[in-house]
Amino acid sequence: MLYQKLQKPDSIRLLELQAGKEQDPLVCFMLHVDSILTAPAYECISYVWGDPKDTEEIWCGNAAVHDPSPLWRDVPSELGNAILVSFSITKSLAGILRRLRLSDAKRIVWADGICINQQDLQEKGRQVALMGKIYGRAVSVAVWLGHSDNHTEAAIELINVISERCKTFVYPEGIDSSDWLRKLNQSAHFLDYLPERSDDKASINQDPRIDSLDRFFGRAWFHRVWVIQEVATCQDITAYCGAFHLPWDLIALAAGWCLYGPMSFDMQKRYRNVNGISNALFMRDKVWQTADTVTFLHLIGRGKDFDATNARDKIYAMLSYPTTGLPGGSDPEFHFELEPDYMKTTSEVYRLVAIKSIQCRRDLEILSYVDHGPELNDTWPTWIPRWDRPCTVGMLDQLSQHFDAALVKEPKYSESVRIPLWSDDRSLTLSGIRCGIVRRVTETMDHLDLALDAEKAVRNPLMGSFRPSSKGKLASEATDDIAVLNLNDCTQYTAESICTAYARTLTLARTIGQEISDPSPEQIAQHTADFASYILTIVDLIEQNASPSDSTDASSAPKVPRFIQDTAIREALSNLTKDRAGDASRFCYALGYGCLRRKFFRTAAGHIGIGPAALNERDVLVMFRGGRMIYALRERDGGWSLVGECYVHGFMKGECGRRPVSDDEAFRLL
């Protein structure tokens with residue numbers, strides 16, 4: 001048999017790739033290493049498996065690590081009488097083995113597709129747990145992007161151009177290329193290495209090769225979840241694409257340039273939609289490995305946008321990522337044993353992570369990763385995140401952990417209730433307080449509809465009305481046509497202007513520079529002025545379209561929003577921009593953080609907030625003990641579905657959390 005049983009928990013296999021010419025059959029010997037600590041020098045391969053049915057044969061023999069002579073001898077071959085076994089590997093793995101094979105010497109490598117017995121699930125689990133060490137102890141990592149195409153040469157040329165322009169920006173007096181690469185390798189991230197966005201001299205907007213970057217970063221490797229840890233622990237990484245090769249750091253630098261460098265707004269907007277670019281920058285960002293605020297939940301949440309053939313690998317592929325917030329790291333809030341176990345189902349693995357997160361952290365951060373999209377799916381427990389699905393929207397609070405609806409950071413409140421009260425295979429019971437019922441919601445908002453654009457302004461959801469209520473109007477409502485921006489209603493926000501309440505809600509309390517931490521009164525005033533400027537600009541754009549030309553049918557012209565026809569409101573908004581100039585573009589940019597693929601809502605009591613795309617009227621808003629956010633629930637089957645996290649203005653700093661525990665009720669999430 002090719003695979004001999006690994007004797008110790010840290011035993012591994014290596015592949016001794018025999019010398020050969022380009023078209024020669026691939027020949028190798030399996031080296032059994034008693035302990036990774038005593039392994040000879042080797043290189044790791046990072047690649048995409050590709051189509052499992054598209055295979056190539058490799059001839060492989062068995063050998064001991066300290067005795068490179070073949071163990072099996074009989075069949076004549078170019079290697080003498082060594083017994084070789086035909087073994088099928090994917091064409092992708094065969095491609096990088098051929099690319100790395102030397103013509104006159106052996107080469108020792110490690111590749112999961114052949115060094116792990118994929119048919120032995122127990123071994124596979126143990127080896128997966130070792131992969132961080134396997135890649136970390138390698139002398140180098142070879143990244144295989146696949147065979148080249150007609151765009152590859154242009155892309156690599158442009159990546160080198162970007163590197164040269166960054167080098168000139170940082171070291172105008174000049175620096176040796178090897179020193180430049182060493183500086184890049186030592187940096188935590190590349191943002192300080194990028195010229196200013198306004199630097200026209202460095203710009204490559206007009207370079208004819210720029211379209212090649214889309215194709216280059218669209219390669220499957222940039223989307224594979226396993227590669228995140230494979231390039232995180234080794235300092236010497238080279239990417240191969242057909243006959244071309246270049247340092248991994250230059251590829252990541254080019255990704256940073258596309259998103260934050262001197263590119264036109266249209267080009268940056270285009271590249272933000274190329275997931276491979278943001279993925280490459282994330283994989284190279286060493287801040288994720290050292291930041292105290294980065295937890296295992298953040299990491300697997302970021303991995304949702306990567307692909308995995310096996311959905312369990314969305315968790316297992318992150319276990320060896322070198323950050324303090326991992327289960328095996330130094331974060332005491334999230335330290336538990338999580339060994340890869342392919343005998344468990346995907347749902348069992350995801351539930352284990354969710355429950356262990358709650359028990360170890362004693363908070364409900366896990367609920368912020370629930371992302372249903374526009375519709376709830378009750379076939380899966382609604383409180384367990386679906387890490388096997390791409391993100392439709394990010395966390396409301398991201399990494400700042402500024403909001404604290406239940407006063408999680410204050411022991412006298414956070415330690416007063418057991419978290420959770422109860423859990424079983426499908427349900428989770430939590431203690432909480434109702435803080436409102438959703439009365440009105442908008443449609444899901446898109447960033448294009450919020451843009452400062454004449455054609456888009458008329459469809460701006462903030463300028464219109466809430467969706468008609470299925471319940472009809474309330475007795476207190478004069479009409480069922482309720483404006484989204486009801487700037488005359490100050491019922492719940494008397495301590496601040498209603499405009500400030502809207503401005504902060506629509507941007508999730510972010511002000512200038514997208515800061516969530518407590519802003520100064522001056523910053524809040526400026527942010528409110530930005531809001532007023534944005535609304536007045538949108539109104540001006542609508543009015544321009546509402547003034548028909550002689551050849552235009554006046555009845556078809558866009559209508560000016562009813563609420564803005566109130567001269568008092570318009571005057572109030574104008575006054576906000578007199579003392580300090582408002583920046584409509586800045587507020588429009590901030591809107592993307594709060595509104596993108598979410599809904600704006602109003603409660604029956606008049607509170608306003610931002611909620612998930614699946615939010616509907618009559619959903620119940622609840623503060624859970626242990627939760628930093630407010631959560632929307634929907635009653636069903638003797639329990640509740642978790643719709644998702646919400647920002648409700650006036651409830652994010654413990655307003656409900658200070659209420660006595662005797663006011664709590666139990667909510668069974670299904």
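Use the structure listed above.
Residues numbered from 1 in each chain as written. Predicted model: local features only at pLDDT ≥ 70, side-chain atom pairs only at ≥ 80, totals over all residues. Heavy atoms only, no water.

Trainee: Would you mind showing me how to read the overall build of the chain here?
Mentor: In terms of helices and strands, the chain carries 20 helices and 19 strands. Each of the 670 residues in the chain was classed as buried or not, and the buried ones make up 54%. Taking the contacts inside the chain whose residues are at least 6 apart along the sequence as the reference set, 75% of them involve residues at least 24 apart. For the chain, the exposed area adds up to about 29000 Å²; of that, 50% sits on carbon and sulfur atoms. (Helix = DSSP H or I, 4+ residues; strand = E, 2+ residues; numbered from the N terminus. Buried < 20%, exposed > 50% of the residue type's maximum accessible area, 1.4 Å probe, protein only. Contact = heavy atoms within 4.5 Å. Areas by Shrake-Rupley, 256 points an atom, 1.4 Å probe, with all protein chains shown as cover.)

Trainee: Looking at this structure, I do not really get the packing of aromatic side chains. What am I missing?
Mentor: Here the distance between the centres and the angle between the planes together describe a pair of aromatic rings. By the definition in use, this model includes 21 aromatic pairs. Ring geometry for Tyr350 versus Trp380: centroids 5.9 Å apart, planes at 65°, classification edge-to-face. You can see Tyr350 sitting in helix α14 (residues 346-361) and its partner Trp380 sitting in the loop between α14 and α15 (411-414), a full 30 residues away along the chain. Accessibility assignment for this pair places Tyr350 and Trp380 in one class, buried. Grouped by ring-pair contacts, the aromatic residues Phe216, Phe217, Trp221, Phe222 and Trp248 constitute a single cluster. Against the face of Tyr47 rests Arg224, its NZ or CZ located 5.9 Å from the ring centre. One Lys or Arg, Arg302, reaches over the ring of Phe282 and ends 4.6 Å from the middle of that ring. (Phe/Tyr/Trp six-rings, centres within 6.5 Å; stacked < 30°, edge-to-face > 60°. Lys NZ or Arg CZ within 6 Å of the ring centre and 35° of its normal.)

Trainee: Please clarify how unusual backbone geometry should be interpreted in this entry.
Mentor: Most of the time, phi is negative for any residue but glycine, and the peptide bond is trans. The phi dihedral of Arg618 falls on the positive side, at around 80°, and the residue is not glycine. Mapped onto the elements of the fold, Arg618 is located in the loop between β15 (608-611) and β16 (620-624). Since its relative accessible area comes to 51%, Arg618 is described here as exposed. Positive phi outside glycine occurs at Asp637, with the angle close to 45°. Among the secondary structure elements, Asp637 is positioned in the loop between β17 (630-636) and β18 (639-648).

Trainee: Sorry, what's going on with the state of the cysteines here?
Mentor: In protein structure, a disulfide is the covalent linkage between the sulfur atoms of two cysteines. If you walk through the whole model with that rule in mind, you get zero disulfides. Cys595 takes part in no disulfide bond, and the closest cysteine sulfur to it belongs to Cys588, at a distance of 9.9 Å. Overall, the relative accessible area of 0% leaves Cys595 in the buried class. (Disulfide = S-S within 2.5 Å.)

Trainee: I tried to follow the environment of Tyr502 on my own but got confused; where do I start?
Mentor: Here Tyr502 lies in helix α17 (residues 498-506). Note on Tyr502: relative accessible area 0%, which makes it buried. Counting along the chain gives 26 residues from Tyr502 to Thr528, while the straight-line C-alpha distance between them is 8.5 Å. Tyr502 has contacts with Val484, Leu485, Asn486, Leu487, Phe531, Phe600, Arg602 and Ile608, leaving out every residue within four places of it along the chain.

Trainee: How should helix α10 (residues 275-284) be read in this particular structure?
Mentor: A turn of α-helix holds 3.6 residues, and therefore any two residues three or four places apart point the same way. Most of α10 is tucked away: eight of the 10 residues are buried. Among the residues of α10, those classed as buried are Gly276, Ile277, Asn279, Ala280, Leu281, Phe282, Met283 and Arg284.

Trainee: I tried to follow the pattern of salt bridges on my own but got confused; where do I start?
Mentor: Between side chains of opposite charge, a pair can form when the charged atoms approach closely. In the structure shown here, the tally under the stated rule is 30 salt bridges. Taking the shortest distance from any N to any O, the salt bridge between Asp214 and Arg270 comes out at 2.6 Å. Residue Asp214 is found in helix α6 (residues 212-217), and its partner Arg270 is found in helix α9 (residues 265-271); the two are separated by 56 residues along the sequence. With relative accessibility at 22%, the residue Asp214 sits in the partly exposed group. Judged by relative accessible area, Arg270 falls into the partly exposed class, the value being 28%. The partner of Asp530 in a salt bridge is Arg586, and the shortest N-O contact between them spans 2.8 Å. Remark: Arg586 occurs in helix α20 (residues 584-595) and Asp530 occurs in helix α18 (residues 521-546); sequence separation between them is 56 residues. (Salt bridge = Lys/Arg side-chain N within 4 Å of Asp/Glu carboxyl O.)

Trainee: Any chance you could explain the packing of helix α8 (residues 248-260) against α10 here in plain terms?
Mentor: For any two helices packed against each other, one specifies the inter-axial angle together with the distance between the axes. It is the contact of α8 with α10, at a shortest axis distance of 8 Å, that shows an interaxial angle of 125°. Between α8 and α10, the interaxial angle falls into the category oblique. Viewed along their axes, α8 and α10 form a crossing whose handedness is left-handed. When α8 is examined against α10, the residues Trp248, Asp249, Ala252, Ala255, Gly256, Cys258, Leu259 and Tyr260 are found in contact with a partner set consisting of Ile277, Ser278, Ala280, Leu281, Met283 and Arg284. A class-by-class count of the residues in the contact of α8 with α10 yields 10 nonpolar, two polar and two charged. (Axes fitted to C-alpha atoms, helices over the stretch in contact; angles between N-to-C directions. Parallel < 35°, antiparallel > 145°, perpendicular 65-115°, else oblique. Left-handed = near helix turned anticlockwise from the far one by under 90°. Nonpolar A, V, L, I, M, F, W, Y, C, P; charged D, E, K, R; others polar.)

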